[in-house]
Amino acid sequence: MFQKFIKIVGLSIILLVSQISINQVSAAESNDQELDLDKLQSGEQLEKDGFTVKYYSNEEAAKKIAEDNGVSKESVLKELKGDKNSSQKARTSATVNATATGKCATGAVAFSRTLDVTSSYKPKLHIWTELCENSSGQYVIKSIIKISIDRNYNGISKGFNGDATAKALNSGKTLFYEVQGDFYNNESTTAGTSVGLNTAAASVNFNVSQTSNFYHYLYQQDNIRLFD
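What counts and how
Residues numbered from 1 in each chain as written. Predicted model: local features only at pLDDT ≥ 70, side-chain atom pairs only at ≥ 80, totals over all residues. Heavy atoms only, no water. Helix = DSSP H or I, 4+ residues; strand = E, 2+ residues; numbered from the N terminus. Buried < 20%, exposed > 50% of the residue type's maximum accessible area, 1.4 Å probe, protein only. Contact = heavy atoms within 4.5 Å. Areas by Shrake-Rupley, 256 points an atom, 1.4 Å probe, with all protein chains shown as cover. Expected span 1.5 Å × (residues − 1). Patch = residues over 30% accessible without salt bridge, like charges linked within 9 Å, V, L, I, M, F, W, Y side chains within 5 Å. Salt bridge = Lys/Arg side-chain N within 4 Å of Asp/Glu carboxyl O. Pairing = 2+ DSSP bridges. Axes fitted to C-alpha atoms, helices over the stretch in contact; angles between N-to-C directions. Polar contact = N/O pair within 3.5 Å; in protein donor to acceptor, adjacent residues only side chain to side chain.

(A) Representation of the overall build of the protein chain within the structure. When helices and strands are tallied, the protein chain shows three helices and eleven strands. Counting from the amino terminus, the protein chain carries its helices and strands in the arrangement α-β-β-α-α-β-β-β-β-β-β-β-β-β. Counting every position in the protein chain, which comprises 228 residues, the buried fraction comes to 42%. Of the contacts formed within the protein chain by residues at least 6 apart in sequence, a portion of 60% connects residues at least 24 apart. By element, 50% of the accessible surface of the protein chain is carried by carbon and sulfur atoms, the whole surface being about 11,900 Å².

(B) Here's a closer look at helix 2 (residues 58-69). Over its twelve residues, helix 2 runs 16 Å from end to end, which matches the ideal 16 Å to within 8%, given 1.5 Å per residue. If you check which residues of helix 2 are buried, you get Asn-58, Ala-61, Ala-62, Lys-64, Ile-65, Ala-66, Asp-68 and Asn-69. One or two positions beyond helix 2, positive phi appears at Gly-70, with a value near 70°.

(C) Layout of a nonpolar patch on the surface. A contiguous nonpolar surface patch, about 320 Å² in accessible area, is contributed by Phe-214, Tyr-217 and Tyr-219. Mapped onto the fold, Tyr-217 is located in strand 11 (residues 214-225).

(D) Quick peek at the sheet that holds strand 3 (residues 108-114). Taken in spatial order, the five strands make up an open sheet running 1-2-3-4-5, and their pairing is antiparallel. Every other strand in the sheet has two partners, leaving strand 1 (45-48) and strand 5 (139-150) as the edge strands with one partner each. Shown here is a sheet whose adjacent strand axes are inclined to one another by a mean of 25°, direction ignored. Alignment of strand 3 against strand 4 (residues 124-133), held across six bridges, turns out to be antiparallel. Looking across to strand 4, one finds that Ala-110 is bridged to Trp-128. Set on the sheet, helix 2 makes contact with strand 2 (51-56), strand 3, strand 4 and strand 5; between it and strand 5 the angle comes to about 40°.

(E) Main features of unusual backbone geometry. Non-glycine residue Asp-49 carries a positive phi angle of around 50°. Judged by its relative accessible area of 28%, Asp-49 is partly exposed. With a phi angle near 50°, Asn-154 is a residue other than glycine that sits in the positive phi range. The residue Asn-154 is located in the loop between strand 6 (152-153) and strand 7 (156-169) in this model.

(F) Highlighting the pairing of strand 1. The pairing of strand 1 with strand 2 spans four bridges and is antiparallel. Across the sheet, residue Gln-45 finds its bridge partner in strand 2, namely Lys-54. In sequence, strand 1 turns back onto strand 2 through a hairpin of two residues, with Asp-49 there showing a positive phi of about 50°.

(G) Representation of the side chain of Arg-113 in the model. For Arg-113, the position within the fold is in strand 3. What makes Arg-113 buried here is its relative accessible area of 18%. Within the local environment of Arg-113, its side chain forms a polar contact with the side chain of Asp-222, the two groups lying 2.5 Å apart. Discounting chain neighbours no more than four positions away, the residues touching Arg-113 are Asp-49, Gly-50, Phe-51, Pro-123, Lys-124, Leu-125, Tyr-177, Gln-220 and Asp-222.

Interpretation in functional terms is not warranted from these geometric data alone.
Structure, rendered in structure tokens:
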């Protein structure tokens, strides 16, 4: 009886380990899946490697960026519309779906990632990008349009004094970001100096009204691979 019990326990452990291995493989395969950006429509979003990828119209993007960075919606909307040369690009009206090589998506696609400042405060970084088709028909990142940080988390808002950088690498198939700076309690924040926006690499400096009420320092970097 005891030997039979041992055999049953041993078999159960083997099955459990096998199931764990299968789950780990499934998770790995899920992380390796390519993002099907060509079918991403306005308001829809995808999840991959801790990032949320969402498509916004110019108006929607301008409103969100203005709220995050403490600037006017009109000024952002002007930049979003002005950075694209419509005479050189074919466009879609409501969806990223397109077939012609070189066609670019209308609006902006935001790659968003939680910033793990503390266990009780996790604001969100938004990297606003322009997507265009490459020679293989894949939508890749052509340029970084804007960078913003949504500092509201569960009713809590902190000021941020630091820098955020984003780079489109590997011919636009990989997006890298880096955020470094200090968070402060109850301080207003504005987006200051911007470098390289509307190019494959960009950075933004954020400034707080005062630096006397320190909360926490953050350094975080990561990347997301759209395609192999």
